[in-house]
Amino acid sequence: METQAFASFRLRADVIDRGLCPLCGGCAAGCPYLGAQNGRIVQLDCCTLPEGSCYSNCPRTETDLGELSHSVFGEPFSPDDLGIVKGAYLAQATAPETRAAAGGGGVVAALLRFSLEHGAIDAIPGSGLDGEGHEGLRSRNLAASSRSAGAPTPVLLSDAASVVAHLSAQHRYARVLAAFNSIPKESSAKLGLACLPCQVASLRKRTGNHTGSRVDVRNVKILIAEFCATKRWLEPGEDRQAANKACSFCWDLTGELADLSVGSGRGQQDWNTVLVRTEGGRHAFEAARRGGALEAKPLPADSLAQEKKASRDKKRRAVRNLTALTGTKNDLAYLGTCPKVANALQGGA
Amino acid sequence: MKELSKEPLNLIIGGVGGQGNVLMAQLVGQALVQRGYTASVGDTYGVSQRGGPVASHVRVSRDRSYGPLIPAGQADVILTLEPAEALRLLSELGNPSTVVVTNSRPVYPPDVSSGRATYPALEELFGALKRYSSRCTVVDASAAALDMGDPIFTNIVMLGVLIGADVAPLERKDMADVLADRFKGPVLERNLAALDRGIALVAQT
Amino acid sequence: MEGIDVNAPGTTQLLMGNEAIARGALEGGVGFSSQYPGTPSSEILSVLAAVAKNMRIHTEWSVNEMVACEAAAGASFAGIPALSAMKQNGVNVCSDFLVNLIMTGIGTGGLVLVTGDDPSAISSSNEEDSRWICKWMDMPLLEPSTAQEAKDMVKWAFEISRLVDNPCFVRETTRLAHTRGKVVLGELPSERRTARFPDVWDMCKPAKSQFTSGPFGILHHKAHERLKRVVPLFEASAFNTYEGPEEAELLVITSGVCHLYCQEAVAMLGLGSRVGIFRLGTTWPLPEQAVRKQLERSSKVLFVEEIDAFTEGNVMEFAASLGASLPPKTYLGKRSGHIPSWGALGTDLVAQTLGAILNVPYKVAGRDASYSQGLGEAAKMVPPRAINLCPGCPHRGSYWIFKNALAIDGRHGLVAGDIGCYSLGFIGAGFFQERTMHCMGGGVGVANGLGNLKEFGFDQPVLAIAGDSTFFHACIPALVNGVYNKANFIFAILDNSATAMTGFQPHPGVGRAATGDPAPRVDMEALCRALGARVEVCDPFDLEDSTRTLLDMIADETGGARVLIMRRVCELVRGRRDKARPYNMRVNPSVCVGDACGCNRLCIRVFGCPGLIWDQEAGRAKIDEAICTGCGLCADICPQKAIEREAA
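Residues numbered from 1 in each chain as written. Chains lettered and ligands numbered in written order. Predicted model: local features only at pLDDT ≥ 70, side-chain atom pairs only at ≥ 80, totals over all residues.

Asker: I tried to follow the overall build of chain B on my own but got confused; where do I start?
Answerer: Counting secondary structure elements, chain B contains eight helices and six strands. In sequence order, the secondary structure elements of chain B are arranged as β-α-β-β-β-α-β-α-α-β-α-α-α-α. In terms of C-alpha radius of gyration, chain B reaches 16 Å, essentially the compact-globule figure of 17 Å for 205 residues. Summarising its shape, the C-alpha atoms of chain B cover approximately 50 × 40 × 35 Å along the three principal directions. When contacts within chain B are restricted to residue pairs at least 6 apart in sequence, those whose partners lie at least 24 apart make up 67%. (Helix = DSSP H or I, 4+ residues; strand = E, 2+ residues; numbered from the N terminus. Rg over C-alpha atoms; globule rule 2.2 N^0.38 Å. Contact = placed C-beta atoms within 7 Å.)

Right, here's the structure in full:
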């Protein structure tokens, strides 16, 4: 049988072998035929299926930004440098120990902890510390057995006391999607999570679960993106150069499809830049402020300008690298050939 | 059948490797010899035991020795622990006068479970067995064995079915004697109970 | 039930060929029997071991056929009649010893070697006719056709062996070994021999021992001459039989179980007045006068034998040597294509061939065209039934670990395989992981080659595998080689505490002798460590830990060969030992969503344990409670954890 007929082989050809894979984990943990080792997605066997969520969930296969934007925001894809932003702030966790643990403002940890404590969410898919177990997760996937010494595990946090430690770890986003993929499919637990922009895209590409084979992505009530500095945490054995190269095809510095995006405070130690994007994001953010978990002030204009430039530069670099990859000016590989999107990414010319 | 009805009488005991085929054939052979007949029992061993088709050819005569394998089309009785194997053996070795006695519970081969092949609907399978034999008796020996607490008794239950179906010159006492040679105490009791279950199963059909 | 050691001459027992051979050995006065298990010969030693204490004889499972044969020869040197049985491959293993043994002779005990060939390789990795070794090495060869003859011939073989001062071969095939027939018992010997090695150093008249080879050329000549001593016995033997007309249209020359096929085929076609059957029981050396007498009956000869054209060639060679003094004949057989030169024969095949030669159409009795056609169509609904590893087999876990570890490694690694239950790794049962398979010890041997090709750019991980019994049989020298020559491979020993495929015979690592008595346990790990290899031990049912350990070992290319012992007892052995099952298994019907899962039936289609089946009606996986042994492993492979295990 022609191997291109299988979704997993197309994933390999279109994404992994082309050097586009950012190791977001959206494909691996949900599927018993895929694993990860030393910074590579590996195929353990062939499912022989022509379609699969490995391919459709991948942020580096066909991604229609216009459609996603409509689905998340009800608006077209924004040509603004930072995407759709309803509020821009400098914020910090009020508790100094949270800031100390997280380094910087500690906003992600404080916000999710608050939301968990107050029942806005029931659990947080995350990355385990020191070989932690899989309590609450059901999928037994051999990606776990491929894990090298020192690598994190998928976990589901439901205990507020453990939130700060987990969300402060360097590898905190590495297993988030693996954890999400492993949640029992019948679970109706409300989820909140923080991850990288590519992982946000993977989640947003999933629609509500029709077949009952996976947990419903609509269970995610708070989706936070961390600005991605490209110098992301490396898997043991992963090659820095290859990782950076893969990330150079990414357009999304700030996680434009999330409910909220959080970055470092740009010289403002102890503070985070926070971009509120959706009503759900605003609701969670304001609740945490009112509840005393967060303190926030408007983002200064020069900080905002710096963030915009950084994001703009990344978009332009992505367009350059993608057109070089495809060899065609208007073909942005996984971002498609729609001129509107291309224009939007290049600053709405 | 009190006496040998044909010379030789060709009996096949078939099933899937691991079901206890060989022990059954050995007990049948022994019982026949103890009744004064000449019998030869030819088994398939070794790799087939790992889930492949297995068959023991039993050739019964008043006084002559026959070759180990029943020639094509000359099986008088086909007794199987698995229904698809009955049809496989019937196609190789049966004729319109053949009597078929089979356990009804399928053992699914890897090709079927994986979706590469299909197992026939049981009605279709039993229908073919009936159509191409002179008499076909189907019993759920596996259910009887499971009811006794262990599927391992399926083959002894089928020995009872062999007696009950009267397809060989053997009576209950003959089988009970060979079981008593081999087993003792509570184990013997269980095996005798399985034998009687098999005899009863035929009475119910 | 009476044992084969019963002292009741004239009584009858229903014995399989192998049991009859064992009885024949007892009647022949055997005192020493050594063997390595091999289908179809394995039962011979088992049966002797069961009566060894009562008969006060020595029986043992030797570590391999070469040692078994050497040990038996040693007993014969010391005046004790000895027997060693093996399958066809065992003959190959012994061959270097035998070719030297015929130079020295066997002393006064008597040495009978039984070889069990497996036509159609029903339970073998190759198909082979072992009779050639007798022509090659000047050893007499007998071929029984029934269990009765097997007993009688083995008994006689001890005398023949002493007469020619060389081993005497008795050759059986699967259909004789495992067919039960009536056997009338003979007498058991009453005298007991004393063992003594006769040819020790005489300081007064120092001389070379008869048991040392040399001068070599002359000894070879002597071996030829010694064989001739048996010719008069073979010429007169009642095991060479003729039935049929004085003059026949067709003379069939046959041996072994093919004799029975020929008899039945002739009867079925009613050709008793036209076809004569000459059965050779003393196959080598050819009793030429007896053969010539039969050849004169007919101008057309058909050879019916398994597997090669052995007798066919020998008779034709003899006939050619007679030149014009023998009227010309038509010889039919494997050379002419009338009989296949491979595979097992059968009554139907012989009947078809006779029918074609004599123009008597052979129809399958009792079937007319419409029955055959209808039944043939109906039989298409019967699915193919491939062999599989047993439910609960630890090798399924091992191969799952190999498959995943090699895939994770990503450099297209391979498994170099060997002989045993785990040979099933070459098909779906073991996920097609086994990429080479030859003989005992072949895997680790081949790995030595693949492991020293770095200069040529070779970078594929190599896993050699073998079972615990195979390890002791053949692998130790190759492992030493791997350490000494720094070959880059991992030797995975699949230790299930049994020689499983052949019937769970014990071996040096198990701690039990052939008689059932406790025996010293050779410590496999200590042995491998003593060789200087890195050794790890893991449980093939602990998928995570074992995969990780294996990946770690693949990455560790510092030394040469390293050893990973995958240890878990064979499920069939465990089941008999423990009776109770470890777990009750079930597929949770509310968690398994069948084809909607997206795993495409991973548990059934890929993992493939026969205890897991597809519930057509419900559209999901299910445990087959009549097959499942409750090992619990499948619970660890379902991506939804829909398979549940509960301690029983």
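Further notes follow.
Asker: Quick question: what am I supposed to make of the overall build of chain C here?
Answerer: Counting its secondary structure elements, chain C contains 21 helices and 24 strands. Whereas a compact globule of 648 residues would reach a radius of gyration of roughly 26 Å, chain C reaches 28 Å, a difference of no more than 12%. On the principal axes, the C-alpha backbone points of chain C span a range of 85 × 80 × 55 Å. Here chain C holds 648 residues, and the buried ones make up 57% of them. Of the contacts formed within chain C by residues at least 6 apart in sequence, a portion of 80% connects residues at least 24 apart. (Buried ≥ 20, exposed ≤ 12 C-beta atoms within 10 Å, placed from the backbone.)

Asker: Looking at this model, I keep getting lost on the interface of chain A and chain C. Mind explaining?
Answerer: For interface size, the figure often reported is the accessible area lost on association. Across the contact, 24 residues belong to chain A and 22 residues belong to chain C. Tallying contributions element by element places strand E2 (residues 40-43) of chain A first for the side of chain A that touches chain C, with three residues. The residue makeup of the side of chain A that touches chain C, split by class, is seven nonpolar, 13 polar and four charged. (Nonpolar A, V, L, I, M, F, W, Y, C, P; charged D, E, K, R; others polar.)

Asker: Please clarify how the domain arrangement of chain C should be interpreted in this entry.
Answerer: Taken as a whole, chain C is organised into domain 1 (12-189 + 211-229), domain 2 (239-358), domain 3 (394-569) and domain 4 (580-647). Placing a centre on the C-alpha atoms of domain 2 of chain C and another on those of domain 4 of chain C gives a separation of 56 Å. (Domains from an automatic or database assignment.)

Asker: How do you make sense of the nonpolar core when you look at a structure like this?
Answerer: Side chains of nonpolar character tend, in soluble globular proteins, to be buried together. Leu 111 of chain A, Ile 12 of chain B together with Val 112 of chain C are the most contacted members of the largest nonpolar core, which has 374 residues in total. Here this core takes nine residues from helix H6 (residues 147-164) of chain C, the largest share from any one element. (Core = buried A, V, L, I, M, F, W, Y, C linked by C-beta atoms within 7 Å.)

Asker: Explanation requested: unusual backbone geometry in the structure shown.
Answerer: In most cases, non-glycine residues show a negative phi, while peptide bonds are predominantly trans. The omega torsion of the bond from Glu 7 of chain B to Pro 8 of chain B falls at -10°, within 30 degrees of zero and hence cis. Secondary-structure assignment places Pro 8 of chain B in the segment before strand E1 (9-16). Positive phi values are uncommon outside glycine, yet Ala 121 of chain C reaches one of about 45°. Along the polypeptide, Ala 121 of chain C turns up in the loop between strand E5 (111-117) and helix H5 (132-137). You can call Ala 121 of chain C partly exposed: it has 19 C-beta atoms within 10 Å. Even without being a glycine, Asn 359 of chain C presents a positive backbone phi close to 60°.

Asker: Looking at this structure, how should I read the sheet that holds strand E5 (residues 99-103) of chain B?
Answerer: In a beta sheet, neighbouring strands are held together by backbone hydrogen bonds and run either parallel or antiparallel to one another. Strand order in this open sheet of eight strands is E6(B)-E5(B)-E4(B)-E1(B)-E3(B)-E2(B)-E8(C)-E1(C), and the pairing throughout is mixed. This sheet does not close on itself; its edge strands, each paired only once, are strand E6 (135-139) of chain B together with strand E1 (12-16) of chain C. Taking the axes of each pair of neighbouring strands and ignoring which way they run, one obtains an average angle of 20° across the sheet. Pairing between E5 of chain B and E6 of chain B: five bridges, direction parallel. Following the sheet pairing, Val 99 of chain B is matched in E6 of chain B by Arg 135 of chain B. Contacts between helix H4 (residues 122-131) of chain B and the sheet are confined to E5 and E6 of chain B, with E6 of chain B contributing the most and set at about 150° to the helix. (Pairing = 2+ DSSP bridges. Axes fitted to C-alpha atoms, helices over the stretch in contact; angles between N-to-C directions.)

Asker: Explanation requested: the interface of chain C and chain B in the structure shown.
Answerer: With 56 residues of chain C at the interface, the matching set in chain B holds 61 residues. Put simply, the parts of the chain that give the side of chain C that touches chain B at least two residues each are strand E8 (179-184), helix H10 (258-269), helix H13 (347-358), helix H14 (369-378), helix H21 (602-607) and strand E22 (612-615) of chain C. Looking at the side of chain C that touches chain B element by element, the count peaks at five residues for H14 of chain C. Inspection of the sheet shows strand E2 (residues 38-42) of chain B paired to E8 of chain C by two bridges, in the antiparallel sense. Directly across from Gly 42 of chain B, in E8 of chain C, lies its bridge partner Thr 179 of chain C.

Asker: Explain the sheet that holds strand E6 (residues 191-195) of chain A here, please?
Answerer: All names here are of chain A. Ordered in space as E6-E7-E8-E9-E3-E10, the six strands form an open sheet in which the pairing is mixed. The open sheet has two edge strands with one neighbour each: E6 and strand E10 (294-298). The sheet shows a mean angle of 25° between the axes of neighbouring strands, direction not considered. The pairing of strand E8 (residues 260-264) with strand E9 (residues 272-276) spans five bridges and is antiparallel. Bridge assignment links Leu 260 to a residue of E9, and that residue is Val 276. Contacts from helix H5 (residues 107-117) reach strand E3 (87-93), E6, strand E7 (220-226), E8, E9 and E10 within the one sheet, and its direction differs from that of E3 by about 85°.

Asker: Honestly, helix H5 (residues 141-148) of chain B in this entry has me stumped. Any pointers?
Answerer: Since the α-helix packs 3.6 residues into each turn, any two residues three or four apart lie on the same face. Residues and elements named next belong to chain B. Of the positions making up H5, those classed as buried are Ala 141, Ser 142, Ala 144 and Ala 145. The buried residues of H5 occupy an angular sector of 160° when projected down its axis, which confines them to one face. Along its buried surface, H5 packs onto E5, E6, helix H6 (154-165) and helix H8 (185-204). (Arc of directions from axis to C-beta.)

Asker: It is not clear to me how the arrangement of the chains should be interpreted in this structure. Could you clarify?
Answerer: Among the two pairs of chains that make contact, the interface with the largest number of contacts is formed by chains B and C. No interface is formed between chain A and chain B, the nearest pair of C-alpha atoms being 12 Å apart.

Asker: I'm lost on helix H1 (residues 21-34) of chain B in this one. Help?
Answerer: All names here are of chain B. Over its 14 residues, H1 runs 20 Å from end to end, which matches the ideal 20 Å to within 8%, given 1.5 Å per residue. Of all 14 residues in H1, 12 are buried, a share of seventy percent or more. All of the buried residues in H1 are Asn 21, Val 22, Met 24, Ala 25, Gln 26, Leu 27, Val 28, Gly 29, Gln 30, Ala 31, Leu 32 and Val 33. Just downstream of H1, Gly 36 is the residue with a positive phi angle, here 100°. (Expected span 1.5 Å × (residues − 1).)

Asker: What exactly am I supposed to notice about the environment of Arg 586 of chain C here?
Answerer: Residues and elements named next belong to chain C. With respect to the helices, strands and loops of the structure, Arg 586 is situated in strand E21 (residues 583-587). The exposure class assigned to Arg 586 is partly exposed, which follows from the 17 C-beta atoms found within 10 Å. With 266 residues separating them along the chain, Arg 586 and Ala 320 place their C-alpha atoms 71 Å apart. Arg 586 has contacts with Ile 623 and Glu 644, leaving out every residue within four places of it along the chain.

Asker: Would you mind going over the packing of H1 of chain B against H6 of chain B with me for this structure?
Answerer: Residues and elements named next belong to chain B. Two elements in contact, H1 and H6, have axes whose closest approach is 9 Å; the angle formed by their N-to-C orientations is 35°. Every pair of crossing elements has a handedness; the one defined by H1 and H6 is right-handed. Contact with H1, carried on its side by Asn 21, Leu 23, Met 24 and Leu 27, involves Asn 155, Met 158 and Leu 159 of H6 and no other residues of that element. Class assignment of the residues belonging to the contact of H1 with H6 gives a composition of five nonpolar, two polar and no charged. (Left-handed = near helix turned anticlockwise from the far one by under 90°.)

Asker: Honestly, the packing of helix H1 (residues 17-27) of chain C against helix H2 (residues 43-55) of chain C in this entry has me stumped. Any pointers?
Answerer: A pair of packed helices is characterised by two quantities: the angle between their axes and the separation of those axes. Residues and elements named next belong to chain C. Contact pair H1 / H2: the axes reach a minimum separation of 8 Å and the direction vectors enclose 40°. Between H1 and H2, the angle falls in the class oblique. The chirality of how H1 crosses H2 is right-handed. Here Asn 18, Glu 19, Ile 21, Ala 22, Ala 25 and Leu 26 of H1 come into contact with H2, specifically with Glu 43, Ile 44, Val 47, Leu 48 and Met 55. Across the contact of H1 with H2, the residue classes break down as eight nonpolar, one polar and two charged. (Parallel < 35°, antiparallel > 145°, perpendicular 65-115°, else oblique.)

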